[in-house]
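What follows is the residue order along each chain.
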Amino acid sequence: MDIQKIGIVGAGQMGNGIAHVMALAGYDVILTDVSQQALDKALETIRGNLARQASRGKISDEEMNATLGRIGTTLQLSDLGATDLVIEAATERETIKQAIFEDLQPHLQPHTILTSNTSSISITRLASRTDRPERFMGFHFMNPVPVMQLVELIRGIATDEETFKSCLAVVERIGKTASSAEDFPAFIVNRILMPMINEAVYTLYEGVGNVKSIDEAMKLGANHPMGPLELADFIGLDTCLAIMNVLHDGLADTKYRPCPLLTKYVEAGWLGRKTQRGFYDYRGDTPVPTR
Ligand code: NAD
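All values derive from a computational prediction rather than experimental measurement.

1. Some remarks on the pairing of strand β2 (residues 28-32)
Piece 1. Among the 5 residues that make up β2, 4 are buried, leaving the element largely enclosed by the rest of the structure.
Piece 2. The pairing of strand β1 (residues 5-9) with β2 spans 5 bridges and is parallel. Looking across to β2, one finds that G7 is bridged to I30.
Piece 3. Taking the sense of rotation as the criterion, the β-α-β connection linking β1, helix α1 (residues 13-24) and β2 turns out right-handed.
Piece 4. Sheet analysis places β2 next to strand β3 (residues 71-74), joined by 4 bridges and oriented parallel. If you follow L31 over to β3, its bridge partner there is T73.

2. What to know about the packing of helix α10 (residues 237-251) against helix α11 (residues 260-267)
Piece 1. At a minimum axis separation of 9 Å, α10 and α11 run at an interaxial angle of 135 degrees. Here α11 runs oblique to α10, going by the angle between their axes. Between α10 and α11 the crossing geometry is left-handed. Here α10 contributes L237, D238, C240 and L241 to the contact with α11, which in turn contributes L262, T263, Y265 and V266.
Piece 2. Residues that form the contact of α10 with α11 fall into these classes: 6 nonpolar, 1 polar and 1 charged.

3. Considerations on the site of the ligand
Piece 1. As a structural note, the neighbourhood of the ligand is formed by 24 residues, with M14, D33, E92, K97 and S119 the closest of them.
Piece 2. A distance of 2.8 Å separates an oxygen atom of the ligand from a polar side-chain atom of K97.
Piece 3. Notes on the ligand: free accessible area 840 Å², of which the protein chains cover 85%.
Piece 4. Those elements that provide at least two residues to the shell around the ligand are α1, α4 (94-104) and β6 (136-141).
Piece 5. Among the elements that take part in the shell around the ligand, α4 stands out by supplying 3 residues, more than any other.
Piece 6. Its residues assigned to classes, the shell around the ligand comprises 10 nonpolar, 10 polar and 4 charged.

4. With respect to α10
Piece 1. Look at α10: 21 Å from first C-alpha to last across 15 residues, which is about the 21 Å you get at 1.5 Å a residue.
Piece 2. Listing the buried residues of α10 in full gives L237, T239, C240, L241, A242, I243, M244 and L247.
Piece 3. Considering only its buried residues, α10 is in contact with α7 (189-205), α9 (228-235) and α11.
Piece 4. Once α10 ends, the next one or two residues include A252, with phi positive near 50 degrees.

Rules used in this analysis
- Residues numbered from 1 in each chain as written.
- Predicted model: local features only at pLDDT ≥ 70, side-chain atom pairs only at ≥ 80, totals over all residues.
- Heavy atoms only, no water.
- Buried < 20%, exposed > 50% of the residue type's maximum accessible area, 1.4 Å probe, protein only.
- Helix = DSSP H or I, 4+ residues; strand = E, 2+ residues; numbered from the N terminus.
- Pairing = 2+ DSSP bridges.
- Right-handed = clockwise from strand over helix to strand, strands pointing away.
- Axes fitted to C-alpha atoms, helices over the stretch in contact; angles between N-to-C directions.
- Parallel < 35°, antiparallel > 145°, perpendicular 65-115°, else oblique.
- Left-handed = near helix turned anticlockwise from the far one by under 90°.
- Contact = heavy atoms within 4.5 Å.
- Nonpolar A, V, L, I, M, F, W, Y, C, P; charged D, E, K, R; others polar.
- Near = heavy atom within 4 Å.
- Polar contact = N/O pair within 3.5 Å; in protein donor to acceptor, adjacent residues only side chain to side chain.
- Areas by Shrake-Rupley, 256 points an atom, 1.4 Å probe, with all protein chains shown as cover.
- Expected span 1.5 Å × (residues − 1).

Below is the structure:
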């Protein structure tokens, strides 16, 4: 199926990045959120990121302006009715995602493919509650979207081959690489990454190391470009906790239990970079460890 118009639900850190790469590749994009402030902030972020790409000579000024011209925003979910593909990138909570698909459904064309950027929630279960489980799949970008090369494509039990091929063609057109994953909790990347981040929080919780020593140890000792706590702040601690809970519930194995310290940070509203405080405090010129 030839996809031309793409709807994106949720204009947070992932939604704005997805809108950026889709519009840059020539797709018409319509971005929606429940918050006008989130939409305004998303456009500002996209503008800033495109300007940086232009200043580095990666794209021309004409491309930058044309890309911005291809992105529309709306507070009305029904405005996504005319799209060929919807990528849902709202908050990682199943009830929210389910309500979005339910509200969207009556406005969609029969051919429209529904996808979710969920990091961990069952694609099969989300699909089963829609009117088109065969045209539903996981479209999982990595953060930051304009920079990271991988997209995980996750088939639900009912996803048909045409839907998979159409999504694969989109990944290729935006110049990224798809990795195909089966629909089990947290798929491939987060199944491996999140338990490592959770274990880093346990080493902090148990006093094996402090924030600085844990991050430095993994950067210099395992050659990771970012320390696990720095990375957790970057992803969002609420998202990390939600993924651990999905692994814990979905695989019913105590090895996935979320660290109580991770829960405590989330309860405090210290969600990482997006709230300016997490394992580091970002309110000053340089990040300061909070433990
Ligand atoms: P975020 O908190 O930055 O943004 C979420 C956005 O969704 C907010 O702007 C919020 O207003 C909006 N929203 C909430 N309810 C909505 C609704 N009913 N309709 C429309 N918009 C709504 O979160 P994020 O980090 O961008 O994550 C979004 C999704 O992407 C999650 O499913 C997450 O698991 C997934 N994801 C995140 C990362 C990451 O590194 N942060 C990576 C890959 C995938």
